[in-house]
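Structural characterization, general
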Amino acid sequence: FFSHSRSWLFALPSTPPPPTKMAEQSDKKFYTLEEISKHNTQEDCWLIIGNLKNGGPKVYDVTSYLDDHPGGAEVLLDVAGQDADEFFEDIGHSKDAREDLKKFYVGEYKVDEATLQKMKEMAEKQAQAGQGGGSSVIVILVAILAIAFAYYKTQMS
C-alpha cells in the first residue's frame, strides 16, 4: 500500500518546531500608559522598568512582591502605574534583583512615537554626559593638587 516515495510521511517530527522570533514577538502582550496607570494601588501594583539600553521598557506586576521589597512597599507604591526605570536604575539594583524582576513580567510597554523619540534623546544626552563627565573630575583634581602644592610651598619658606 505505501510506496517508497511516501516514506517521508513517517520522517516528520512528532513535536512542532520551536517558535520563531516572529512568533515570540506576536505572543507578547503590549500595554499603553493609560492601561498601566490604572494599576497603582497596594492591591494592584504595576511598574514600567527598562530603557533603550537594556531591551526596552517592560511592564511588571509587583503586587505580590510589595511586602518583600527590601526598601519597603511605599517605595514601589510611589511609582505604581508609572515609568519607574529611572528610580530602579538610580538605586543600583543587583544582578539578583534584576533576575528576580523577571518573575513579575506581564508584557511590554507600548511606546508611542513621541515618547520613543524622547527616550532616544534622553539616552543620547546621558551618553554625552557620561563621556564628558571624566574631564570635570580631572579639572577638580588638578585644582586640589595646585592648592595643596601652593600650601606646601608656603609652609616650606
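What you see is a predicted model; the values in this text were computed from it and never measured.

**Focus: the sheet that holds strand β2 (residues 40-41)**
In spatial order, the strands read β1-β5-β4-β3-β2; together these five strands make up an open sheet with mixed pairing. In the strand order of this sheet, the two ends are held by β1 (30-31) and β2, each with one partner. Both strand β3 (residues 44-49) and strand β4 (residues 58-61) contribute to a ladder of four bridges, which runs antiparallel. For L47, the partnering residue across the bridge sits in β4 and is Y60.

**Some thoughts on the packing of aromatic side chains**
Throughout the structure, instances matching the rule amount to three aromatic pairs. Here the aromatic rings of Y31 and W46 are separated by 5.0 Å at their centres, their planes lie at 80 degrees, and the arrangement is edge-to-face. You can see Y31 sitting in strand β1 and its partner W46 sitting in strand β3, a full 15 residues away along the chain. Judged on exposure class, the residue Y31 and its partner W46 are both buried. A ring pair is formed by Y60 and Y105, whose centres lie 6.1 Å apart and whose planes are at 70 degrees; its orientation type is edge-to-face. One end of the pair, Y60, is in strand β4; the other, Y105, is in strand β5 (residues 105-109), and 45 residues separate them in sequence. Assessed through its relative accessible area of 32%, Y105 is described here as partly exposed. It is K29 that lies over the ring of Y31; its NZ or CZ is 5.2 Å from the centre.

Definitions and cut-offs
- Residues numbered from 1 in each chain as written.
- Predicted model: local features only at pLDDT ≥ 70, side-chain atom pairs only at ≥ 80, totals over all residues.
- Heavy atoms only, no water.
- Pairing = 2+ DSSP bridges.
- Helix = DSSP H or I, 4+ residues; strand = E, 2+ residues; numbered from the N terminus.
- Phe/Tyr/Trp six-rings, centres within 6.5 Å; stacked < 30°, edge-to-face > 60°.
- Buried < 20%, exposed > 50% of the residue type's maximum accessible area, 1.4 Å probe, protein only.
- Lys NZ or Arg CZ within 6 Å of the ring centre and 35° of its normal.

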